Amino acid sequence: MSSSPCHTAFDAAPGQGEHVHEFNVGPLGRGRRARCGDGATAGVRRGASLGLTAALVVTGALSTTGPAGATGDDDYVSQAGGVPGTPEPGDLLGSAVAIGDFNGDGYDDAAIGAPGEAIGPRTGAGAVNVLYGTGVGLTNYASQFWSQDSTGVPGGSETGDRFGAALAAGDFNDDGRDELAIGVPGEAIGSIQQAGMVNILVGSNSGLTGSPLTIHQNRPGVDGACEPGDQFGSSLATGGIGGREDDLFVGVPHEDLGTRSDAGMAHFIPGFPGEGPEYPGGLSLPEEFAFHQDSWGVPTAARANEQFGASFAVADFTGDARGDVAVSAPREAVDGGEGYGPNGGVVFMIPGDVDRPVLGEGIVKTDGIDQLSDATDRYFGQDLAVRMRGSSPTSDLVVGVRDSIQGPGGGAEVFRYDGDPSGEGLTPIIGHPSSADPGRAVAGRAQGFYSNESSGVLVGIPELTEGGAARAGAVDGWPGVFGQVQSPGSSETDDRFGHDLAIGDLDGDGIDDLLIGVPGEDIETVADAGGAVVGYGANLPDPFS
């Protein structure tokens, strides 16, 4: 599995705490995960409608008593029912979404972050709803509501923690049940405000359980030191570099390096098969290491405001059956020509070895600049994703941009490793603007989605004006004739439908399903309570038909 981060604040400027959660998914019948070298493919059953004809809108948690989506209708439900929680102003549910098989039953499950959730009087403490998949999709049976006040979760809920601002699922201990990494970028470590932390929930036969493991920069064995405003855990990603177990990447895009504020840093924490005192949650902290643009072997020196580590994608990009990691610095200045401002953006592809990423001559980078004619403030790499090549074990890298290769308007670009690390190494093969209207400053939210022997990309465009509603949002699929998917309900200003995306098989039919975050959704009179939409793949159109 590979994934990339989720948003920390849906109204942040592009490149400032904005991330997407992506998955590199294989044929998910009975929960099988694609790993580097599997050569896995997945099917998307063809349908006739561009709408979410069997969608479930999750506004906090399922309130139905039966399986979700079983009727084939569009259902709007609220936190008032089967799962704890009540829609409240500013919950921002759907700011982050993730999919993984947390109980090992072969059906994927959904985690939905609400970083604005108030826990008692502590506003913005944050929470995560977890809903479990069955043969008919998500249900409210055994669903969970997690916060730092939950049993077994260390930290304690505090105002502004933003627990659930980033999510990533992965099987760190290779036991067939995914763990859930939860970013808490607003966490204070001692008196150090917004230093940031990551909590881990451990998979089990009964679902996610608490874990004593917390990861932050003042913990022994973790590189770096906590500083105010670091926001450790703003972005998260999982994927296997060498072994069968997944590894964890943690982004700290607001890390200061010397006097260079927000230069950024990334942490690699390897998974470990089994579990013991030194490996809580299956993660090997003794083998953790951090890297940044001043690290040996990383091209270009760190500068202020570049936000290295804002997004990740993990897959076998080089074709050597080992996982590689792409890391972005979406606010890095690009000096390639006129019109490329301080937020041009750069993406680094770091090759993997037996058990870890390898810094040095094998690193390649791209800014996509050769494909552009006249664009400024592009935020190239604000989101990253994986595009699988059908049955090939090698994947392509999808880069989300605010301004695409066809002009302003946002979108995504796909790059393929060309085997030449002495050159740029990543060759652009396709680009797509998410909006035909160049006046819309939309942001490409890239997510791999594929059918048969082909592979495409889903791009969330939460800034899209739809039906006269500004920033109502939509999801676009390409290449092909997928068209745009809008909310099954009426488009409303600032819904930001498509803010985050995840893909997995929630009903075990071997066909990928789509989970869409809508953090700005109003629930009746409750502003920005947020929600998520589930589109079951059997009812979604094939983007390659």
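What you see is a predicted model; the values in this text were computed from it and never measured. Each chain carries its own residue numbering, running from 1 in the written order of its sequence. Residue-level local features of this predicted model are given only where pLDDT is at least 70; pairs of side-chain atoms are given and counted only at 80 or more, and the full residue set underlies all totals for whole chains, interfaces and linings. For the side-chain quantities, the full set of heavy atoms in the structure was used; hydrogens and water were omitted.

This part covers the overall build of the chain. Each helix and strand in the chain was counted, giving zero helices and 29 strands. Looking at the chain as a whole, 63% of its 545 residues qualify as buried. For the chain, the proportion of contacts with a sequence separation of at least 24, taken over those separated by at least 6, is 58%. Where accessible areas are quoted, they stem from the Shrake-Rupley method and a 1.4 Å probe; at the residue level, only the protein chains shown are allowed to cover. Looking at the chain as shown, the accessible area adds up to about 16300 Å², and 48% of this sits on carbon and sulfur atoms. A run of DSSP states H or I qualifies as a helix once it reaches four residues; a run of E qualifies as a strand once it reaches two. Both are numbered from the N-terminal end. To sort residues, take the accessible area from a 1.4 Å probe on protein chains only and compare it with the maximum for the residue type: under 20% means buried, over 50% means exposed, and anything in between is partly exposed. Residue contacts are counted whenever heavy atoms from the two residues lie within 4.5 Å of one another.

So, on to the packing of aromatic side chains. Side-chain rings of Phe, Tyr and Trp (the six-membered ring for Trp) are treated as a pair once their centres are within 6.5 Å; stacked means planes under 30 degrees apart, edge-to-face means over 60, and tilted covers the remaining angles. For the structure shown, the criterion picks out seven aromatic pairs. Each ring, one from Phe249 and one from Phe268, has its centre 5.3 Å from the other, and the planes form 50°; the classification is tilted. Of this pair, Phe249 sits in strand β12 (residues 247–252) while Phe268 sits in strand β13 (residues 265–269), and the two are 19 residues apart along the sequence. Overall, the relative accessible area of 0% leaves Phe249 in the buried class. Arranged with centres 5.7 Å apart and planes meeting at 85°, the rings of Phe380 and Phe415 form a pair that is edge-to-face. Here the residue Phe380 occupies a position in the loop between β18 (364–366) and β19 (383–388), and Phe415 occupies one in strand β21 (residues 407–417), the gap between them amounting to 35 residues. For the pair Phe380 and Phe415, a shared accessibility class is recorded, and that class is buried. Three or more aromatic residues joined by ring pairs form one cluster here, namely Phe249, Phe268, Phe289, Phe291, Phe308, Phe312 and Phe348.

So, about the sheet that holds strand β16 (residues 324–329). A pair of strands is treated as paired once DSSP finds two or more bridges between them. Spatially, β15-β16-β17-β18 is the arrangement adopted by the four strands of the open sheet, whose pairing is antiparallel. Edge positions in the sheet fall to β15 (312–315) and β18, since each has one partner strand and no second. Recorded for the sheet is a direction-independent mean angle of 20° between the axes of neighbouring strands. Relative to strand β17 (residues 346–350), β16 is paired through five bridges, and the arrangement is antiparallel. Following the sheet pairing, Val327 is matched in β17 by Phe348. Only the stretch in contact is used when fitting a helix axis, every axis being a line fitted to C-alpha atoms; angles between N-to-C directions are given from 0 to 180 degrees.

Read from one edge of the open sheet, four strands run β11-β12-β13-β14, paired in antiparallel fashion. Every interior strand has two partners, whereas the edge strands, β11 (235–239) and β14 (289–291), have only one. In this sheet, neighbouring strand axes are inclined to one another by 20° on average, regardless of whether the strands run parallel or antiparallel. Summarising the sheet, β11 and β12 pair through five bridges and their orientation is antiparallel.

Next up on the list: the pairing of β15. The alternating pattern of β15 places Phe312 and Val314 and Ala313 and Ala315 on opposite faces, both of which are buried. Across four bridges, the pairing between β15 and β16 is antiparallel. Within the sheet, the bridge partner assigned to Ala315 lies in β16 and is Asp324.

Residues other than glycine seldom take positive phi values, yet Ala321 does so here, at roughly 65°. Within the fold, Ala321 resides in the loop between β15 and β16. Here the phi dihedral of Arg471 falls at roughly 60°; this positive angle occurs in a residue that is not glycine. Relative to the helices and strands, Arg471 resides in the loop between β24 (454–460) and β25 (475–478).

Bringing the pairing of strand β29 (residues 531–535) into the picture now. Taking burial as the measure, the five residues of β29 include five buried ones, the bulk of the element. What you see with β29 is no split at all: Gly531, Val533 and Gly535 on one side and Ala532 and Val534 on the other are buried throughout. Judged from the five bridges that link them, strand β28 (residues 513–518) and β29 form a sheet pairing that is antiparallel. For Val518, the partnering residue across the bridge sits in β29 and is Gly531.

Before going further, it helps to examine the confidence of the model for the chain. Confidence of the predictor at the level of single residues is given by pLDDT, which spans 0 to 100. Per-residue pLDDT for the chain averages 75, and the proportion of residues at 70 or more is 69%. Across residues 1–56, where pLDDT falls below 50, the model places 269 contacts with residues more than four positions away in sequence or in other chains. Across residues 371–375 the pLDDT falls below 50, and counting only partners more than four positions away or on other chains, this stretch makes 13 contacts in the model.

We now examine the environment of Val334. By secondary structure assignment, the location of Val334 is in the loop between β16 and β17. Remark: the alpha-carbon pair of Val334 and Asp367, spanning 33 residues in sequence, is separated by 7.4 Å.

On to the pattern of salt bridges. What counts as a salt bridge is simple: a side-chain nitrogen of Lys or Arg found within 4 Å of a carboxyl oxygen of Asp or Glu. Inspection of the entire model under this criterion finds 10 salt bridges. In this structure, Arg303 and Glu306 form a salt bridge, with 2.9 Å as the shortest nitrogen-oxygen distance. Accessibility expressed as a relative area gives 36% for Arg303, which makes it partly exposed. Members of the salt-bridge network, linked through shared partners, are Arg303, Glu306 and Glu332.

Next up on the list: the nonpolar core. Soluble, globular proteins show a tendency: their nonpolar side chains are buried together. Joining through side-chain atoms within 4.5 Å is the link that ties buried Ala, Val, Leu, Ile, Met, Phe, Trp, Tyr and Cys residues into a set, and such a set is a nonpolar core. Counting residues in each nonpolar core, the largest one holds 22 residues, and the members touching the most others are Val198, Ile200, Ile215, Leu236, Leu248 and Leu283. Elements with a minimum of two residues in this core: β7 (166–170), β9 (197–201), β12 and β13. Per-element tally for this core: the top contributor is β12, with three residues. Core analysis: the second largest hydrophobic core is formed by 19 residues, Ala266, Phe268, Val325 and Phe348 among them.

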